[in-house]
Number of protein chains: 2
Amino acid sequence: MNEHISSAYDRDLEEIQSLIMKMGGMVEHAILECAKALEVRDIDRAEVVRKGDKAIDALEEQINEAAARTIALRAPVSKDLRTLLSVLKLSASLERVGDYAKNIAKRTPILADMKPISGADAALRRMSKEVQSMLGDALDAYVRNDVELAESVRQRDLDIDQMYNALFREFLTFMMEDPRNISACMHMHFIAKNVERMGDLVTNMAEQIIYMVTGEMPEEDRPKMSSTIAAQEI
Amino acid sequence: MNEHISSAYDRDLEEIQSLIMKMGGMVEHAILECAKALEVRDIDRAEVVRKGDKAIDALEEQINEAAARTIALRAPVSKDLRTLLSVLKLSASLERVGDYAKNIAKRTPILADMKPISGADAALRRMSKEVQSMLGDALDAYVRNDVELAESVRQRDLDIDQMYNALFREFLTFMMEDPRNISACMHMHFIAKNVERMGDLVTNMAEQIIYMVTGEMPEEDRPKMSSTIAAQEI
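Residues numbered from 1 in each chain as written. Chains lettered and ligands numbered in written order. Predicted model: local features only at pLDDT ≥ 70, side-chain atom pairs only at ≥ 80, totals over all residues. Heavy atoms only, no water.

### Regarding the overall build of chain A
And step 1. Broken down by element type, chain A carries 7 helices and 0 strands.
And step 2. Mapped in sequence order, the helices and strands of chain A form the string α-α-α-α-α-α-α.
And step 3. Considered along the principal axes of its C-alpha atoms, chain A spans approximately 70 × 40 × 20 Å.
And step 4. Expressed as a percentage of its 234 residues, the buried residues of chain A come to 54%.
And step 5. For chain A, restricting intrachain contacts to residue pairs at least 6 apart in sequence, the fraction spanning at least 24 positions comes to 85%.
And step 6. Accessible surface, chain A as shown: approximately 9,800 Å² in total, 51% of it carbon and sulfur.
And step 7. Looking at chain A, you have 30 positive and 41 negative side-chain charges, and the mean spots of the two groups are 4 Å apart. (Helix = DSSP H or I, 4+ residues; strand = E, 2+ residues; numbered from the N terminus. Buried < 20%, exposed > 50% of the residue type's maximum accessible area, 1.4 Å probe, protein only. Contact = heavy atoms within 4.5 Å. Areas by Shrake-Rupley, 256 points an atom, 1.4 Å probe, with all protein chains shown as cover. Lys, Arg positive; Asp, Glu negative; His and termini not counted. Charge placed at Lys NZ, Arg CZ, Asp CG, Glu CD.)

### A word on the packing of aromatic side chains
And step 1. A complete count under the given rule lists 4 aromatic pairs over all chains for this structure.
And step 2. Judged by centre distance (6.2 Å) and plane angle (45°), the rings of Tyr164 of chain A and Phe168 of chain A are tilted. Of the two residues, Tyr164 of chain A and Phe168 of chain A are both situated in helix α5 (residues 147-177); the distance of 4 residues between them amounts to about one turn of the helix. Side by side, Tyr164 of chain A and Phe168 of chain A carry an identical accessibility label, which is buried.
And step 3. We note Arg82 of chain B situated over the ring of Tyr211 of chain B; from NZ or CZ to the ring centre the distance is 5.8 Å. (Phe/Tyr/Trp six-rings, centres within 6.5 Å; stacked < 30°, edge-to-face > 60°. Lys NZ or Arg CZ within 6 Å of the ring centre and 35° of its normal.)

### Focus on the UniProt feature "domain: PhoU" (unreviewed entry) in chain A
And step 1. According to UniProt, the positions carrying the feature "domain: PhoU" (unreviewed entry) are residues 20-108 and 124-209 of chain A.
And step 2. As annotated, residues 124-209 of chain A comprises 93% helix and 0% strand, and the C-alpha atoms at either end are separated by 27 Å. (UniProt positions renumbered as here; feature names shortened; annotations may be inferred.)

### Concerning the relation of the copies chain B and chain A
And step 1. When chain B is fitted onto chain A, the two copies agree to an RMSD of 0.0 Å after a turn of 180° and an axial shift of 0.0 Å. The transformation just described matches what one would write down for a two-fold rotation axis. Closest approach to the rotation axis among the C-alpha atoms of chain B is made by Ala75 of chain B, whose C-alpha sits 2.7 Å away.
And step 2. Looking at the interface residues of chain B, 100% of them are also at the interface in chain A, so both copies use one shared face. (Least-squares fit on C-alpha atoms with pLDDT ≥ 70 in both.)

### Details of empty space enclosed by the protein
Any space left empty among the atoms is revealed by the rolling of a water-sized probe across them.
And step 1. Taken as a whole and assessed by the stated rule, the structure comprises 1 cavity of 30 Å³ or more.
And step 2. Computed from the structure, the largest cavity encloses a volume of approximately 80 Å³.
And step 3. What lines the largest cavity is simply His189, Phe190, Lys193, Asn194 and Arg197 of chain A together with His189, Phe190, Lys193 and Arg197 of chain B.
And step 4. Among the secondary structure elements, those contributing two or more residues to the lining of the largest cavity are α6 (182-214) of chain A together with α6 (182-214) of chain B.
And step 5. Split into classes, the residues belonging to the lining of the largest cavity amount to 2 nonpolar, 3 polar and 4 charged. (1 Å grid on protein atoms, 1.4 Å probe; cavity = no way out; pocket = protein on both sides within 12 Å on 5 of 7 lines; lining within 4 Å. Points joined across faces, edges and corners; volume = space filled by probe spheres on them. Nonpolar A, V, L, I, M, F, W, Y, C, P; charged D, E, K, R; others polar.)

Laid out in structure tokens, this is it:
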């Protein structure tokens, strides 16, 4: 590959990288805002998150097109091709995290009419804050090609799973105590599950970044939520 | 592009297509089997589904590698590139449908120890059967480049959403009637939600196929579950 083509590829990649960072920042914001809107039962604030998802989706499209165009024009191979294919996976994961934030925002008006479940909103906000912080680190790891940082993000998913499990047990108790709590708890449980899934997606992103940099997927040594269903979720 | 390179590309694409069809067949089987194992409370049968997911994941890897190799070697543009990038999205969706089947299989041993919720297992099996049939049609549409068939798959997602909503209401009623049903209903509800998500993923696949063939994403005119939360899930 000659100098000219190589630097054209680099420019393309920089453009894509800045789009990913922009999209990532918007998704981080959506995660925090949907949890905050829920906690303070602010329907308008939730509506802003819901509407904002369109812009996130549009960015994914733009990233996909830029990556496809770069592949077509520059015909990259090996690590360059791997980077571009990874970008497609990263933007797809970001889009799904944004979708979960939107879904949480959609439930806020419903929950605004119900009696709050003591302590659950604050617990959800802490959980969302942790996911947002993991995402921030994943994006840093992406820009800096930092495998160690990506690995640390991956390990933190266990905390999210534990927060989710604690909430699940709490909701069960509230429902058993008083059937009038059932509807609210079902909705809150959905939301907790959505945040837990966001954590899974950010973890997938961290693994994709490790793959992008090293060419190898990390070993399956992180404890996964799905394998702890039997023990915890009863 | 000369004859020789063009036919090499065609051979690559045929290989990838047969891998997608193989993966799709395995996922169809997993959908049916996880629902059947749940209905007859057959833990061993569920375990086969759980273990079988590894083979599905391995096929996704194989498809990703084949697509990346074809992109690197043949440097396809326009429709050919779009087809290969679509293949990556299709295999990612199939992998996620397989994951949901695995998650359902994982809950079967837990539910085997609980009192069944009248009629819910059969309803879930019908819902799974419908998703499997949609997936079969989506795969046909992919092989035949059949936009009309893909469009019909997309429209059928509404039926899945309605089945899910009916089950959701049923679970709520059962929980309110008798708190001892709460644990079982929470697990069954998770499963129903997983099947509903499978339907969403198959719908995404149908849309990706339409994009692959026509170069344009279909308009957002299908009624989506997420937009009906407020009305239905209370």
